[in-house]
Amino acid sequence: MKILVVGGGGREHAIISKIKENKDVTEIFACPGNGGMANDATLVDIGAKDIEKIVDFAKTEKIDFAVVAPDDPLVLGCVDALEAIGVPCFGPNKAAAIIEGSKIFSKNLMKKYGIPTAQYEVFEDEESALKYLETAPIPTVIKADGLALGKGVIIAETREQAIDAVKSMMEEKIFGESGSKIVVEEFLEGPEVSVLSFTDGNIVVPMISSQDHKRALDGDKGLNTGGMGTVAPNPYYTDDIAKECMDKIFIPTMNAMNSEGRTFKGCLYFGLMLTKNGPKVIEYNCRFGDPETQVVLPLLDSDLLTIMKACRNGNLSEVEVKWKNENACCVVMASKGYPQSYEKGYEISLPEDRKNIFIAGAVIKDGKLLTNGGRVLGVTRTGETLEEAISNAYEAVKTVNFDNAFYRKDIGQRALLAIEK
Ligand code: AMP
Ligand code: GLY
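Residues numbered from 1 in each chain as written. Chains lettered and ligands numbered in written order. Predicted model: local features only at pLDDT ≥ 70, side-chain atom pairs only at ≥ 80, totals over all residues. Heavy atoms only, no water.

## What about the site of ligand 2?
Operational definition: Note on definitions. A residue lies near a molecule or strand when any single heavy atom of the residue is within 4 Å of it. Nitrogen and oxygen atoms within 3.5 Å of one another constitute a polar contact, given that in protein one can donate a hydrogen and the other can accept it, and given that sequence-neighbouring residues count only through two side-chain atoms. Values of accessible area rely on a 1.4 Å probe in the Shrake-Rupley scheme; residue burial ignores everything except the protein chains shown. Just so you know the grouping, Ala, Val, Leu, Ile, Met, Phe, Trp, Tyr, Cys and Pro go in nonpolar, Asp, Glu, Lys and Arg go in charged, and all remaining residues, Gly too, go in polar.
Neighbouring ligand 2 are D212, K214, G226, Y269, N285, R287, G289, D290 and E292. Between ligand 2 and the protein, one listed contact pairs an oxygen atom with a side-chain N or O atom of N285 at 3.1 Å. A distance of 2.9 Å separates a nitrogen atom of ligand 2 from a polar atom in the backbone of D290. Contact with the protein chains hides 88% of the accessible area of ligand 2, taken as 200 Å² for the molecule alone. Taken together, the residues of the shell around ligand 2 break down into one nonpolar, three polar and five charged.

As structure tokens, this is what we get:
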């Protein structure tokens, strides 16, 4: 079987590594992939948003199955375009991807179907947003409606910050058209949990839970990033909470999308906050999270491609989804300066055993692997306990070297506190 994976980061490398375990797979292409995954996939020089070219390529190569991983192509309808030429895909169609593509859509969906989430107001013009902020409870959270490279959320600790956030989105358009409509939302508190799930529109099968570390610096300080590391499972996510989430959030969301005529098939990501009033949805993503995928997939003890096909074909209930009874920790190694400006082009040296080292931003030049992005790679290791997984991951980090490398030293420490309680 010939497989096409659309996307090019650490998440895609983790997906490709897992799909490769299927004996029927003869070749995997990545559009565009990156130099760090050249041993695992054939790199194709087509951007993930260039849907027309992706479709042409899939037709020419007679691709048997495609996985569309990033949010942009999903929201733009890449799955619809590939399915239209007869290429079966893992991933939601455009109508369903709106669950991530529009925050206003997802908030209204949750309100309509009684799914627990933060209180909110929608604003389509700056004047009414600013008027509302005169008396709104502070802190508050301002969210751009559309996709914004994961940066469209501003937490305002003061009224002035809230006003600045609204102006920067609606007047200065820092997120382009994505911020021309906004959501102003109640500030919630509690541990965060990421739950990725497989769904075929009939059932939802949650994957092992995980915890992201979004801030750039130790102690959850510094700027928000795409994610500096993850652990799985997330110890805050107990069996009781999992059951409550299944009943009040996961199944109701699947049913809500069905009722709206927007059946979701693929990976539905629930970003949850465990508040003192119960679990609430912070955000939905229409795809695998990154770097969550880099800890979740190494713990999967079943065949990923079989599960993906079942999601697409609507027979997920017939397929086994098993998890290893282990813990995983992923430490992201970034370029110094990320998420702001940073230098690229430093040679990366990797250990002999590259298993579960997922490369996010690298390029091959003159036969050398060079850094080519803010987040360069994720080092994942497993262990019987969380403590062991963390220690194994940091040991492995020592075997990876490049100039200006930067990583957090405290991935998983907060999760360990939950276990000690
Ligand atoms: P996102 O960019 O959508 O992943 O959101 C970034 C982060 O903002 C989330 O992981 C939360 O930590 C935080 N966040 C989003 N919404 C809220 C909220 N209503 N209350 C508190 N924190 C929030
Ligand atoms: N790690 C968060 C995300 O993928 O959106």
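## Quick notes on a negative patch on the surface
The line we're drawing: What goes into a patch is any residue over 30% in relative accessible area without a salt bridge, connected to like charges within 9 Å or, for nonpolar side chains (Val, Leu, Ile, Met, Phe, Trp, Tyr), within 5 Å. The working definition used for a salt bridge is a side-chain nitrogen of Lys or Arg within 4 Å of a carboxyl oxygen of Asp or Glu. Think of it this way: Lys and Arg go in the positive column, Asp and Glu in the negative one, and His and the chain ends go nowhere. Here the site of a charge means atom NZ of a Lys, CZ of an Arg, CG of an Asp or CD of a Glu. Runs of H or I in DSSP of at least four residues are treated as helices and runs of E of at least two as strands, each being numbered from the N terminus.
A grouping of E160, D164, E171 and E172 is seen on the molecular surface, where their side chains present a negatively charged patch. Tracing the backbone through its elements, the reader meets E160 in helix 8 (residues 159–170).

## Brief notes about the site of ligand 1
Taken together, 14 residues lie around ligand 1, and E185, E186, L188, E192 and K214 are the ones closest in. At 3.3 Å from an oxygen atom of ligand 1 is found a side-chain nitrogen or oxygen belonging to K214. Here ligand 1, which alone exposes 490 Å², has 91% of that area covered by the protein. When residues of the shell around ligand 1 are traced back to their parent elements, those giving at least two are strand 7 (140–144), strand 8 (153–156), strand 9 (182–186) and strand 17 (278–285). Across the shell around ligand 1, the residue classes break down as seven nonpolar, one polar and six charged.

## Points about the environment of E21
Along the polypeptide, E21 turns up in the loop between helix 1 (10–19) and strand 2 (27–32). C-alpha separation for the pair E21 and V5, spaced 16 residues apart in sequence, amounts to 15 Å.

## Describing the packing of helix 5 (residues 94–101) against helix 6 (residues 103–113)
The line we're drawing: Lines fitted to C-alpha atoms define the axes here, with helix axes fitted over just the stretch in contact, and angles between the N-to-C directions of these axes take values from 0 to 180 degrees. Any angle between 65 and 115 degrees counts as roughly perpendicular, while under 35 counts as roughly parallel, over 145 as roughly antiparallel, and the rest as oblique. Any two residues whose heavy atoms approach within 4.5 Å are treated as being in contact.
In the contact formed by helix 5 and helix 6, the axes pass within 6 Å of each other and the chain directions differ by 90°. In terms of axis orientation, helix 5 runs roughly perpendicular to helix 6. Within the contact between the two elements, helix 5 uses I98, I99 and G101 and helix 6 uses K103, F105, S106 and L109. Classifying every residue of the contact of helix 5 with helix 6 by side-chain character gives four nonpolar, two polar and one charged.

## Looking at the sheet that holds strand 16 (residues 266–275)
Inclusion rule: Paired strands, in this sense, are two strands between which DSSP finds at least two bridges.
Taken together, four strands build an open sheet; the order of strands is 11-10-16-17 and the sheet is antiparallel. Edge positions in the sheet fall to strand 11 (204–206) and strand 17, since each of these pairs with one other strand and no more. Pairwise comparison of adjacent strand axes, ignoring direction, gives a mean angle of 35° for this sheet. For strand 16 and strand 17, the ladder comprises seven bridges, and the chain directions are antiparallel. Within strand 17, the residue paired with F270 across the bridge is Y284.

## Overview of the packing of aromatic side chains
For clarity, the cut-off: Ring pairs shown here join Phe, Tyr and Trp side chains whose ring centres sit within 6.5 Å, with only the six-membered ring taken for Trp; geometry is labelled stacked below 30 degrees between planes, edge-to-face above 60, and tilted in between. Partly exposed residues are those whose accessible area sits between 20% and 50% of the maximum for their type, while under 20% is buried and over 50% is exposed, using a 1.4 Å probe and protein chains only.
This structure, assessed with the given rule, holds nine aromatic pairs. Between F90 and F198 the ring centres are 6.5 Å apart and the planes differ by 70°, which places this aromatic pair in the edge-to-face class. Of this pair, F90 sits in strand 5 (residues 89–90) while F198 sits in strand 10 (residues 192–199), and the two are 108 residues apart along the sequence. Each member of the pair, F90 as well as F198, is classed as buried. Three or more aromatic residues joined by ring pairs make a cluster, and in this case those are F90, F198 and F288.

## Considerations on helix 5
Taken residue by residue, helix 5 has A96, A97, I99, E100 and G101 as its buried positions. As for helix 5, its buried residues are in contact with helix 3 (71–76), helix 6, helix 9 (239–259), strand 16 and strand 17.

## Considerations on the sheet that holds strand 9
If you trace the four strands from one edge of the open sheet to the other, you get 6-9-7-8, paired in antiparallel fashion. The open sheet is flanked by strand 6 (120–123) and strand 8, the only strands paired with a single partner. Recorded for the sheet is a direction-independent mean angle of 20° between the axes of neighbouring strands. In this sheet, strand 8 lies alongside strand 7 in antiparallel orientation, the contact comprising four bridges. Residue pairing in the sheet places I142 in a bridge with I154 of strand 8. Those strands touched by helix 7 (residues 126–133) are strand 6, strand 7 and strand 9, and its axis lies near 150° from that of strand 6.

## Thoughts on the pattern of salt bridges
Overall, the coordinates contain 19 salt bridges when judged by the stated rule. Between K243 and D247 there is a salt bridge, with the nearest N and O atoms lying 2.6 Å from each other. Highlighted residues: K243 and D247, both in helix 9, separated by four residues, approximately one helical turn. E395 is the partner of K398 in a salt bridge, and the nearest nitrogen-oxygen pair spans 2.8 Å. Salt bridges linked by common partners bring D218, D220, R408, D410 and R414 together as one network.

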